[in-house]
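Tertiary structure, described
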Amino acid sequence: MTLALPALPPLRAPRLGRIERYVLIQQLRSLGVALAVIAALVMLIDFVEVSRGVGSDQDLSAFRILGLVALKSPAVIVQLLPFVFLFGTLAAYIGLNRRSELIAMRAAGVSAWRFVLPAAGMAFVLGVLTVMVLGPLASAGDGLWQRERARISGAAPDARAGAGAPIWLREGDDQRQMIIRAGRQDRANARLLDVTFFIYTTDASGNRDFSERIDAQSAALSAGRWRLTSAVGASIGQRAVRYSSLDLISSLADEEAFERFARPQSTPFWSLPNQIRRIENAGFASTAYQLRFQQLLATPLVFAAMSILAAAFSLRLMRLGDLARMSVAAVVLGFAFFFMNQFSSAMGSAEVVPPLVAAWLPPILTGLAAFTLLFYTEDG
């Protein structure tokens, strides 16, 4: 005899109730208004800046300046999105409070966690979309803006490094390292000019010893080799040797000797891991790029923390007064997070703290402060 077990109901994802959906709609509307206001201010400031900067060098039309602003502004707007979530969420909950809707929800026994956590979850999802989609688009626009500004002003794209600045490269493996200095480059013929190669060897204990110096009139990189012309090489304790041409094995890709790495803000999220590997393989420090990558990964947490922080400061009932004071305190705390994040970024860029700590510490502290305040407001 077999016993038939009752069929278990199918698992279903939890659905949002009417209250949660209503609060989310109100928050989305306020976020849209806050985004529109901040975007308008940023674009207005950038329009004036571009008009006085690039526009003063060339006779550009207003539509041309607007096109440049459309390339420049998105990167700044993405950086200010935490304030969009702070101001937008704060405005949404203050509006619910002023209309006594929060009072009715609380009187009906609805916990604040029911509508605060879905709002934070929505902010987290929007943060993921920002990192995956909006951020790369803004980074691409920032890169185009940098190139267009250089082209209009007649400067080289890497003029920020200084006119006539020497080019430094580094490559090698566990047995040999080469530091390359070039006075200038001939991009048309893919050559480095006035080149000096400093060659170091690595012993069994890992110590590097200077081995040889080679000066050459030019160096061309092709098929994994440096082809040096009119070269003079000298080792320690030996006489100089002249070469009409000399080949040195290279681990660099052909284009890496003739292009500078894009700045971190202009590098899309999906390209950052490969960019970090390229920079480290070339022998340069990738701290700024690692910091940028970790900050992008922490962006969803920042948006969620700002949403919870704004909600916690605006849940106080109107009859208790001092709602305005609490709102101002939320704004002040939001700006405090911004300055703490900037300070932490500076410490990370200076390699005082690891990039992982510099990127994740401010949002974690902000999130803990927001949860603490919400626990205090809701549960006493």
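Parameters at a glance
For every chain, the first residue of the written sequence is number 1, and numbering continues from 1 onward in sequence order. With pLDDT at 70 or above as the cut-off, local features in this predicted model cover only qualifying residues; side-chain atom pairs require 80 or more to be listed or tallied, and sums for whole chains, interfaces and linings still use all residues. In computing side-chain values, all of the structure's heavy atoms are included and hydrogens and water are not. The numbering of helices and of strands both runs from the N terminus, where a helix is a DSSP run of H or I of at least 4 residues and a strand a run of E of at least 2. Accessible area is worked out with a 1.4 Å probe on protein chains only. A residue is then buried under 20% of its type maximum, exposed over 50%, and partly exposed in between. Any two residues whose heavy atoms approach within 4.5 Å at even a single point are treated as in contact. Here the Shrake-Rupley method, with its probe set to 1.4 Å, supplies the accessible areas, and only the displayed protein chains count as covering residues. A pocket here means an open set of points on a 1 Å grid, computed over the protein atoms alone, that has protein on both sides within 12 Å along at least five of seven lines. A cavity is instead a set of points where a 1.4 Å probe fits but cannot get out; residues with an atom within 4 Å of a point line either one. Grid points are joined across faces, edges and corners, and a volume is the space filled by probe spheres set on the points. In the scheme used here, Gly and all other residues not listed as nonpolar or charged are polar, with Ala, Val, Leu, Ile, Met, Phe, Trp, Tyr, Cys and Pro taken as nonpolar and Asp, Glu, Lys and Arg as charged. At least two DSSP bridges between two strands are needed for those strands to be called paired. Under the pairing criterion, centres of Phe, Tyr and Trp rings, with the six-membered ring standing for Trp, must be within 6.5 Å; the plane angle then separates stacked pairs below 30 degrees from edge-to-face pairs above 60, leaving the rest tilted. Whenever Lys or Arg places a side-chain nitrogen within 4 Å of a carboxyl oxygen from Asp or Glu, that contact is recorded as a salt bridge. Within this scheme, the nonpolar core is defined by two criteria: the residues are buried Ala, Val, Leu, Ile, Met, Phe, Trp, Tyr or Cys, and they are joined through side-chain atoms within 4.5 Å. The predictor's confidence in any single residue is recorded as pLDDT, a number from 0 to 100.

It is worth spelling out the overall build of the protein at this point. For the protein, the helix and strand inventory stands at eleven helices and six strands. For the protein, with 380 residues in total, the buried portion stands at 40%. In the protein, once contacts between residues fewer than 6 apart in sequence are set aside, the share between residues at least 24 apart is 62%. Put simply, the protein shows about 21200 Å² of open surface, and 61% of that area lies on carbon and sulfur atoms.

Before going further, it helps to examine the layout of surface pockets. The volume enclosed by the second largest pocket comes to roughly 670 Å³. Considering the residues around the second largest pocket, the lining is formed by 32 residues, among which Gln79, Arg292, Gln295, Asn341 and Gln342 are closest to the centre. Among the secondary structure elements, those contributing two or more residues to the lining of the second largest pocket are helix 3 (62–79), helix 4 (81–98), helix 6 (113–153), helix 8 (287–297), helix 9 (299–313), helix 10 (323–349) and helix 11 (355–379). Counting residues per element, the lining of the second largest pocket draws most heavily on helix 10, which supplies six residues. Residues belonging to the lining of the second largest pocket are distributed by class as follows: 20 nonpolar, eleven polar and one charged.

It is worth spelling out empty space enclosed by the protein at this point. All told, the structure shown has one cavity of 30 Å³ or more when counted by the stated rule. When its volume is computed, the largest cavity comes out at roughly 60 Å³. Taken together, Ala75, Val78, Gln79, Gly135, Ala138, Ser139, Gln265 and Arg292 make up the lining of the largest cavity. For the lining of the largest cavity, the secondary-structure elements that each account for two or more residues are helix 3 and helix 6.

Our focus in this paragraph is the pairing of strand 4 (residues 208–222). Looking at chain direction, strand 3 (residues 191–202) and strand 4 are connected through eleven bridges and run antiparallel. Bridged to arginine 191 within strand 4 is alanine 220. Between strand 3 and strand 4, which pair antiparallel in sequence order, lie five residues; one of them, glycine 206, sits at a positive phi of approximately 95 degrees. Here strand 4 runs beside strand 5 (residues 225–235); their pairing, made up of ten bridges, is antiparallel. In the strand pairing of strand 5, serine 218 is matched with threonine 229.

Attention shifts here to the packing of aromatic side chains. In this description, an aromatic ring pair is defined by two values, namely the gap between the centres and the angle between the planes. By the definition in use, this model includes ten aromatic pairs. Between phenylalanine 83 and phenylalanine 338, the aromatic rings sit 5.4 Å apart at their centres with planes inclined by 55 degrees, giving tilted as the arrangement. Of this pair, phenylalanine 83 sits in helix 4 while phenylalanine 338 sits in helix 10, placing them 255 residues apart in sequence. Taking relative accessible area as the criterion, phenylalanine 83 reaches 6% and is therefore assigned buried. For phenylalanine 338, a relative accessible area of 26% translates into the label partly exposed. When the centroid spacing of 5.7 Å and the interplanar angle of 75 degrees are considered together, the rings of phenylalanine 197 and tryptophan 226 count as edge-to-face.

Here we come to the environment of alanine 311. In this structure, alanine 311 sits in helix 9. Linking alanine 311 and alanine 120, residues 191 residues apart in sequence, is a C-alpha distance of 9.4 Å. If we skip the residues at most four places from it in the chain, alanine 311 touches Thr89, Tyr93 and Val116.

Another aspect to go through is unusual backbone geometry. Positive phi values are uncommon outside glycine, yet aspartate 194 reaches one of about 55 degrees. Among the residues examined, aspartate 194 registers a relative accessible area of 42% and is labelled partly exposed. The backbone of glutamate 351 shows a phi angle near 60 degrees, a positive value even though the residue is not glycine. Following the sequence through the fold, glutamate 351 ends up in the loop between helix 10 and helix 11.

This part covers the pattern of salt bridges. Under the criterion given, the structure shown has six salt bridges. Aspartate 46 is paired through a salt bridge with lysine 72; the nearest N and O atoms lie 3.0 Å apart. Linking aspartate 46 in helix 1 (residues 18–52) with lysine 72 in helix 3, this pair joins segments that are 26 residues apart in sequence. The burial state of aspartate 46 is the same as that of lysine 72; both residues are buried.

Counting residues in hydrophobic clusters, the biggest one holds 44 residues, and the most contacted among them are Tyr93, Leu102, Phe115, Val116, Leu315 and Leu374. Elements with a minimum of two residues in this core: helix 1, helix 4, helix 5 (101–107), helix 6, helix 9, helix 10 and helix 11. With ten residues, the top contributor of residues to this core is helix 9. Once residues lying within four places of it in the same chain are set aside, the contact partners of tyrosine 93 are Val23, Leu102, Phe115, Val116, Ala119, Ala311, Ser314 and Leu315. Membership of the second largest hydrophobic core comes to 19 residues, among which are Ile214, Leu221, Ala231 and Leu252.

Per-residue pLDDT for the protein has a mean of 79; in total, 83% of the residues score no lower than 70. Taken as a whole, residues 155–163 scores under 50 in pLDDT and shows eight contacts with residues more than four places along the chain or in a different chain.

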